Amino acid sequence: MRNTKTLTCICLLTLNVSPLFIFNIFSVEQHSHANKWLTYFTSGQNRQTLPLFTSLINVVFSYDPVGYLPYNYLLFTDTREPLVEVAAQLLCITLDNSSFLSNDQPSSPTSKTFLSLPGDDCPNLFINYLSRIHRDDDFSILLRGFCRLLNNPLIQTYLPGSCKKIGFYQELLILFWKFCDRNKKFLYYVLKSSEVLDLLVPILYFLNDARSDTAKIGLMHIGVFILLLLSGERNFGVRLNKPYVTRIPMDIPVFTGTHADLLIIVFHKIIVSAHQRLQPLYDCLLTIIVNISPYLKTLSMVSSNKLLHLLEAFSSPWFLLAAPDNHHLVFFLLEAFNNLIQYQFDGNANLVYTIIRKRQVFFALSNLATDSPTIAKLSTKNSNAPSASSKKNVDSSESKQTIFQTPLKSVGDGEPQLNKD
C-alpha cells in the first residue's frame, strides 16, 4: 500500500514539474509558459486540494526516521522515507505561486501580481490553506516536525551508525522558508518558541558543511535567507544569548559561549574559506550580524577575534578599493560594533578588549588614502591578469573574491591574516 502511495506521488510530481523534462529546443518564451497541470492541480477546479494538502502535511511531519530500536534501518526496510521525500518535494512544487504566471497574456497586469498576493487572495489553494493555519496545536506539530527532521543528521549516539540519517533536508529548508513567508503567524510562533534554536543549529551545520561544495549553492542561499528572515525580529536576537552546550561535529574552533558565538564563527568560516560563488551572500551574512548585534549580551573571545579579523580583511586598502561596493562590508561591521558597544557594553568586555588590542585597524581605516594616484596604484597592484585586454574580461565579483582569499596566510595564533606584501 505504501509503495502505491509513493508511486502515485512520483507520478504527480513528474506531471507538476514536466518542464524539467522538456528538451531545450524551444525558445525562452515558450519555456516560460505556465504548467497547465500544476495550475489545475492547485486551483479551485480540483476538488481534492484540501485532502491532498492535509495528507502531504501529515505524511511529512509525522515521520520519525529514528524509531525505537538501534540499527532498525538495517533490520527492516524503511518504505516510508521515499514517500516522505517525494511528499516534501510535491509540497515545494505546489506551494510555488509561479504556476499561475501564464504567457498567454504577458501584458496583463493581473498576471504579474499573483506573486505578491497574500495567501487568502491567492488562486493557488495550497498557498491559501497554508496561510489559514492559525491554531497553536497545529503550529506545534509543524515546528516539532521541522526540528526532529532537520536535527536528524546531527544525532550522535554511543553506538556509531545506529540511527538512520535522512537526506532530504534541503527540501525541508525550502518548506520552512515557504511556511514562514506565507504564514506570518507561524513565523511569530517560531520566534517566540524556545525551539527556534533547535532550527538554528542544523541550519548552521548545513551551511558550514556545504560552503566548499559548488553543487550546494542553492542550499547555502536558502539557509542564509532563512536566517536573514529570522534575524529581523527581536525575539531571535534575544534567544541567541542562550549558552551553546550541544557539541556537533563541525570543523570550527573550540569555544565556550552562546549560540550567537556559534553563528559568528560559522559566518567567519564561510566568508574566509568558501568558494567565490558565495560572494553575493557576504552582504546578507553581515546584515544578519548587524540585525542581532543590539541584543547580544556577551561575546566570547573567539567570536570577538573573528569579527575583528573580518574588519581587518575588509578594510585593507587593496581590498576596499578593489570594487565599488566593497565599502558596504566595512559599514556593516562598524554598525555591528557600534550596536554592541552602545547597547551591550557591560557584558562585552572581550569585544572591547579585542577592539583596543586591534586599534591600529581603526587608525589605518581613518587615515585611508583616497587620492586618485593611490587608488590607481592599488588597482594596478591588485590586477592578476597578464594583459590589458584580459583585464576587461574579468568579472568584478570574481576579482573581489580572489583578492580576499589569495593574500591570506596563517600566523602564530592560528588566525588567518592578510599578506600585505
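Predicted model, so just to flag it, every value in this text is computed and none were measured.

### A word on the nonpolar core
Link 1 in the chain: Residues F179, F267 and F314 are the most contacted members of the largest nonpolar core, which totals 113 residues.
Link 2 in the chain: When residues of this core are assigned to their parent elements, the largest contribution, 11 residues, is made by helix α11 (residues 196–210).

### Describing the packing of helix α4 (residues 49–61) against helix α8 (residues 136–150)
Link 1 in the chain: Running from N to C, α4 and α8 point in directions that differ by 45°, and their axes come no closer than 9 Å. Considered as vectors, α4 and α8 are oriented oblique to each other. Between α4 and α8, the contacting residues are I57, V60 and F61 on the first element and L142, G145, F146, R148 and L149 on the second.
Link 2 in the chain: Taken together, the residues of the contact of α4 with α8 sort by class into 6 nonpolar, 1 polar and 1 charged.

### Here's the deal with the packing of aromatic side chains
Link 1 in the chain: One pass over the full model with this rule turns up 20 aromatic pairs.
Link 2 in the chain: Ring plane angle 10° and centroid distance 5.8 Å describe the contact between Y244 and F255, whose orientation is recorded as stacked. With Y244 in the loop between α13 (234–239) and α14 (259–273) and F255 in the loop between α13 and α14, this pair connects stretches of sequence that are 11 residues apart.
Link 3 in the chain: Judged by relative accessible area, Y244 falls into the buried class, the value being 5%.
Link 4 in the chain: For the pair F337 and F362, a centre-to-centre distance of 6.3 Å together with 65° between the ring planes defines the contact as edge-to-face. Placement of the pair is F337 in helix α18 (residues 327–343) and F362 in helix α20 (residues 359–366), with a sequence separation of 25 residues.
Link 5 in the chain: What makes F337 buried here is its relative accessible area of 3%.
Link 6 in the chain: For F362, a relative accessible area of 23% gives the class partly exposed.

### What about a nonpolar patch on the surface?
Link 1 in the chain: A surface patch of nonpolar side chains, amounting to about 350 Å² of accessible area, comprises L69, L75 and F76.
Link 2 in the chain: Along the polypeptide, L75 turns up in helix α5 (residues 72–75).

### Focus on the pattern of salt bridges
Link 1 in the chain: Counted under the stated rule, the structure contains 5 salt bridges.
Link 2 in the chain: A salt bridge links D209 to K216; its shortest N-O distance comes to 3.6 Å.
Link 3 in the chain: A relative accessible area of 23% means that K216 is categorised as partly exposed.
Link 4 in the chain: A salt bridge links K358 to E312; the shortest N-O distance between them is 3.9 Å.

### Overview of the environment of R135
Link 1 in the chain: Tracing the backbone shows R135 in the loop between α7 (125–131) and α8.
Link 2 in the chain: Sequence separation between R135 and F186 is 51 residues, and the spatial gap between their C-alpha atoms is 9.3 Å.
Link 3 in the chain: In this structure the side chain of R135 is engaged in a polar contact, spanning 3.1 Å, whose partner is the side chain of D138.

### Observations concerning the UniProt feature "transmembrane region" (unreviewed entry) in the chain
Link 1 in the chain: Residues annotated by UniProt as "transmembrane region" (unreviewed entry) correspond here to residues 186–207 and 214–232.
Link 2 in the chain: With 86% helix and 0% strand, the stretch residues 186–207 has end C-alpha atoms that lie 23 Å from each other.
Link 3 in the chain: End C-alpha to end C-alpha, residues 214–232 measures 28 Å, and it is 79% helix and 0% strand.

Cut-offs used in this document
- Each chain carries its own residue numbering, running from 1 in the written order of its sequence.
- Given that the model is predicted, a residue must reach a pLDDT of at least 70 before its local features are reported, and side-chain atom pairs must reach 80 or more before they are shown or counted; all residues, however, enter totals for whole chains, interfaces and linings.
- Each side-chain value is derived from all of the structure's non-hydrogen atoms; neither hydrogens nor water enter the calculation.
- We define the nonpolar core as a collection of buried residues of types Ala, Val, Leu, Ile, Met, Phe, Trp, Tyr and Cys that are connected through side-chain atoms lying within 4.5 Å of one another.
- Exposure is judged per residue with a 1.4 Å probe applied to protein chains only, and the accessible area is read against the type maximum: over 50% gives exposed, under 20% gives buried, and values in between give partly exposed.
- Each helix is a run of DSSP H or I of at least 4 residues and each strand a run of E of at least 2, with the numbering of both proceeding from the N terminus.
- Orientation is described by axes fitted as lines to C-alpha atoms, over the contacting stretch for helices, and by angles from 0 to 180 degrees between their N-to-C directions.
- The labels follow the angle: roughly parallel below 35 degrees, roughly antiparallel above 145, roughly perpendicular from 65 to 115, and oblique for the rest.
- When checking whether two residues touch, look at their non-hydrogen atoms; a contact exists if any pair is within 4.5 Å.
- Each residue is assigned to one of three groups, with Ala, Val, Leu, Ile, Met, Phe, Trp, Tyr, Cys and Pro labelled nonpolar, Asp, Glu, Lys and Arg labelled charged, and all others, Gly among them, labelled polar.
- Two rings belonging to Phe, Tyr or Trp (six-membered ring only in the last case) form a pair when the distance between their centres is within 6.5 Å. Interplanar angles under 30 degrees mark stacking, angles over 60 mark edge-to-face geometry, and anything in between is tilted.
- Note on patches: the residues involved have over 30% relative accessible area and no salt bridge, like charges join within 9 Å, and the nonpolar side chains Val, Leu, Ile, Met, Phe, Trp and Tyr join within 5 Å.
- Note on areas: these come from Shrake-Rupley sampling with a 1.4 Å probe, and a residue is covered only by the protein chains present in the view.
- In what follows, salt bridge is the name for a side-chain nitrogen of Lys or Arg lying within 4 Å of a carboxyl oxygen of Asp or Glu.
- Distance and chemistry together define a polar contact, namely a pair of N or O atoms within 3.5 Å, with one atom able to donate a hydrogen and the other to accept it when in protein, and with adjacent residues in sequence counting only for side-chain atoms on both sides.
- UniProt positions are given in the numbering used here, feature names are shortened, and annotations may be inferred rather than shown by experiment.

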